[in-house]
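# Remarks on the overall topology
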Amino acid sequence: MKLDATDLRYLSSDEFRVLTAAEMGSKNHEVVPSALIAQISGLRGGGVNKNLGELAKRNLVARVQNMKYDGYRLTYGGYDYLALRALSKRDTVYSVGNKIGVGKESDIYVVADRDGKQMVLKLHRLGRVSFRAIKNTRDYLGKRKHASWMYMSRLAAQKEWAFMKVLHEHGFPVPTPIDQSRHCILMSIVDAYPLRQISDHPNPGKLYSALMDLIVRFARAGLIHGDFNEFNILITRDTGAAVVIDFPQMVSTSHPNAEWYFNRDVECIRKFFKRRFRYESALYPRFRASLNEEGVPSFSLDVVAANGWRNKDQQVLEDVSPTKMLSCH
Ligand code: ADP
Ligand code: MG
């Protein structure tokens, strides 16, 4: 999907009002009746239809005619637009550059502020997961099931943002979190290659230890990355130090399957080092030993627990995350 920053400047204030009204209406309606959009926007009927037509031409909303009524739904383009507009109003983003990545669950863009300083914008796209996975979560979504892609993408972004912030504050090697809106996270750009692209390393043993130490450090803070692999570990160009990214699937060390997730992270690194660098070590961290004698972390950075996010929200994310089904690459 193309992200167009120029559009940000060319939407009239009425069009923007109508788009915002469509977003508000979609909290309770899969297809928001045009009359409701008009009502929320506070604009007169005729004008609203014209505005909706314009927005549909730009793919910010899509017209849907169902058996009961005609209406519109917000598209990913519209949601992207609203998020970008919020970031631009707060002056954290000024321009949008190239797409540098398409992940399983996200699009990654290079963006810049007014001074031309580059940053990374991650847009969560949870609607990409298989329909079956979404269907399984219907019970949790309750009345909001129709808004699933918006709701889940926003939830994933909020969770990733909260983890990135707390990890950054505690000195973990992660990008600097800058701003967040809806399904988007703005962070510092890391001048690095993903570990996946490194074919040769002067000291694989040292890097291996550093990564295993990081897994233990996470566990001591009550956390397991959950997707700790060569795609989510960036090796900085200048010092060769590792920076970890991609946190929406983090799990607590008190999760019933914590040990399994922990071992999977450890195994991913062991396998990769063996395959790529022919490096093997008898030393690798064990879950119990990484916690203290009582089997609890030394301190807890578990923001999901701390934020009092409802278990239901948590469950939704866990159930739809494709990461859950991943094994090592
Ligand atoms: P996904 O959840 O889709 O896997 P990631 O957060 O892992 O998304 O990002 C996908 C890719 O984008 C990464 O493998 C990396 O190459 C690039 N990337 C993500 N964040 C940054 C960043 N802050 N700096 C530089 N590159 C990044
Ligand atoms: Mg990733």
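Reference entry: report on the structure contained in this document. Everything quoted here is computed from the prediction, not taken from an experiment. (Residues numbered from 1 in each chain as written. Chains lettered and ligands numbered in written order. Predicted model: local features only at pLDDT ≥ 70, side-chain atom pairs only at ≥ 80, totals over all residues. Heavy atoms only, no water.)

### Details of the overall build of the protein
We apply this condition: Comment: elements are numbered from the N terminus, with helices defined as DSSP H or I runs of at least four residues and strands as E runs of at least two. With a 1.4 Å probe rolled over the protein chains alone, any residue whose accessible area is under 20% of its type maximum counts as buried; one over 50% counts as exposed, and the rest are partly exposed. In what follows, residue pairs with any heavy atoms lying within 4.5 Å of each other are defined as contacts. Note on areas: Shrake-Rupley with a 1.4 Å probe; residue coverage comes only from the protein chains shown.
What the protein contains, in helices and strands, is 13 helices and 13 strands. The burial tally for the protein puts 53% of its 329 residues in the buried class. By sequence separation, contacts in the protein at least 24 residues apart represent 67% of the contacts at least 6 residues apart. Accessible surface, the protein as shown: approximately 16,400 Å² in total, 49% of it carbon and sulfur.

### A look at the layout of surface pockets
Just so we agree on the cut-off: A cavity here means a set of 1 Å grid points, computed over protein atoms only, where a 1.4 Å probe fits but cannot escape. A pocket is an open set with protein on both sides within 12 Å along at least 5 of 7 lines, and lining residues have an atom within 4 Å of a point. Grid points are joined across faces, edges and corners, and a volume is the space filled by probe spheres set on the points. In this classification, the charged set is Asp, Glu, Lys and Arg, the nonpolar set is Ala, Val, Leu, Ile, Met, Phe, Trp, Tyr, Cys and Pro, and all remaining amino acids, among them Gly, are polar. Boundaries between domains were set according to an automatic or database domain assignment.
What the largest pocket holds in volume is close to 880 Å³. Lining the largest pocket are 33 residues; nearest its centre among them are Ile-108, Pro-194, Phe-231, Leu-234 and Ile-245. Contributions of two or more residues to the lining of the largest pocket are made by strand E4 (95–102), strand E5 (106–112), strand E6 (118–124), helix H8 (148–169), strand E8 (184–188) and strand E9 (192–194). Grouping the constituent residues of the lining of the largest pocket by class yields 17 nonpolar, eight polar and eight charged. Mapping the lining of the largest pocket onto the domain boundaries places at least three of its residues in each of domain 2 (91–188) and domain 3 (192–325).

### Describing the sheet that holds strand E7 (residues 177–181)
We count it as follows: Here, a strand pair is defined by DSSP locating no fewer than two bridges between the strands. Under this scheme, a helix contributes an axis fitted over its contacting stretch, all axes are lines through C-alpha atoms, and angles between N-to-C directions fall in the 0 to 180 degree range.
Overall, antiparallel pairing links the five strands, which are arranged E4-E5-E6-E8-E7 in an open sheet. Strands with a single pairing partner mark the edges of an open sheet, and in this sheet they are E4 and E7. Recorded for the sheet is a direction-independent mean angle of 25° between the axes of neighbouring strands. One ladder, built from five bridges, connects E6 with E8; its direction is antiparallel. Bridged to Leu-123 within E8 is Cys-184. Its contacts with the sheet put helix H5 (residues 76–89) on E4, E6, E7 and E8, and the angle it makes with E7 is roughly 130°. Strand contacts of H8: E6, E7 and E8, with the helix running at about 160° to E7, the strand carrying the most contacts.

### A short note on the coordination of the magnesium ion (ligand 2)
Put simply, the rule is: Each metal site is built from N, O and S donor atoms within 2.8 Å (3.2 Å for Na, K and Ca), and since water is not included, such sites may look incomplete.
The protein atoms donating to the magnesium ion (ligand 2) are Asn-232 (OD1) and Asp-246 (OD), with metal-donor distances spanning 2.1 Å. Of the two residues, Asn-232 is situated in the loop between strand E10 (223–224) and strand E11 (233–236) and Asp-246 in the loop between strand E12 (242–244) and strand E13 (251–252); the sequence distance between them amounts to 14 residues.

### Side note on helix H2 (residues 13–25)
We apply this condition: Expected span of a helix, by definition, is 1.5 Å for each gap between consecutive residues, and there is one gap fewer than residues.
If you check H2, its first and last C-alpha atoms are 18 Å apart, about what 13 residues at 1.5 Å a residue would give, namely 18 Å. Residues of H2 that are buried: Glu-15, Val-18, Leu-19, Ala-21, Ala-22, Glu-23 and Gly-25.

### As for the pattern of salt bridges
We count it as follows: A side-chain nitrogen of Lys or Arg and a carboxyl oxygen of Asp or Glu constitute a salt bridge if their distance falls within 4 Å.
Applying the stated criterion across every chain yields a total of 13 salt bridges. Residues Glu-23 and Arg-182 are paired through a salt bridge, measuring 2.6 Å at the closest nitrogen-oxygen approach. In this pair, Glu-23 sits in helix H2 while Arg-182 sits in the loop between E7 and E8, placing the two residues 159 residues apart along the sequence. Between Glu-54 and Lys-57 there is a salt bridge, with the nearest N and O atoms lying 3.2 Å from each other. Of the two residues, Glu-54 and Lys-57 both sit in helix H4 (residues 45–57), three residues apart, roughly one turn of that helix. Given the relative accessible area of 28%, Glu-54 is considered partly exposed.

### What about the site of ligand 1?
The condition that has to hold: Any residue with a non-hydrogen atom lying within 4 Å of a molecule or strand is treated as near it. For this analysis, a polar contact is any N or O atom pair within 3.5 Å, provided that within protein one partner can donate a hydrogen and the other can accept it, and provided that sequence-adjacent residues contribute only side-chain to side-chain pairs. Assignment to a cavity or pocket requires that more than half of a molecule's atoms be within 2 Å of the site's grid points.
The environment of ligand 1 is made up of 17 residues, and the closest members are Gly-103, Ser-106, Lys-122, Val-190 and Asn-232. At 2.9 Å, a backbone N or O of Val-190 approaches a nitrogen atom of ligand 1. At 3.1 Å from an oxygen atom of ligand 1 is found a main-chain nitrogen or oxygen belonging to Phe-231. Across the complex, the protein chains shield 88% of the 550 Å² of accessible surface that ligand 1 would expose by itself. Because more than half of its atoms lie within 2 Å of the grid, ligand 1 is assigned to the largest pocket.

### Observations regarding the side chain of Ser-281
Relative to the helices and strands, Ser-281 resides in the loop between helix H10 (258–277) and helix H11 (287–290). Judged by relative accessible area, which is 17%, Ser-281 ranks as buried. Within the local environment of Ser-281, its side chain forms a polar contact with the backbone nitrogen of Leu-283, the two atoms lying 2.9 Å apart. Discounting residues that sit within four places of it in the chain, Ser-281 has contacts with Tyr-208 and Arg-270.

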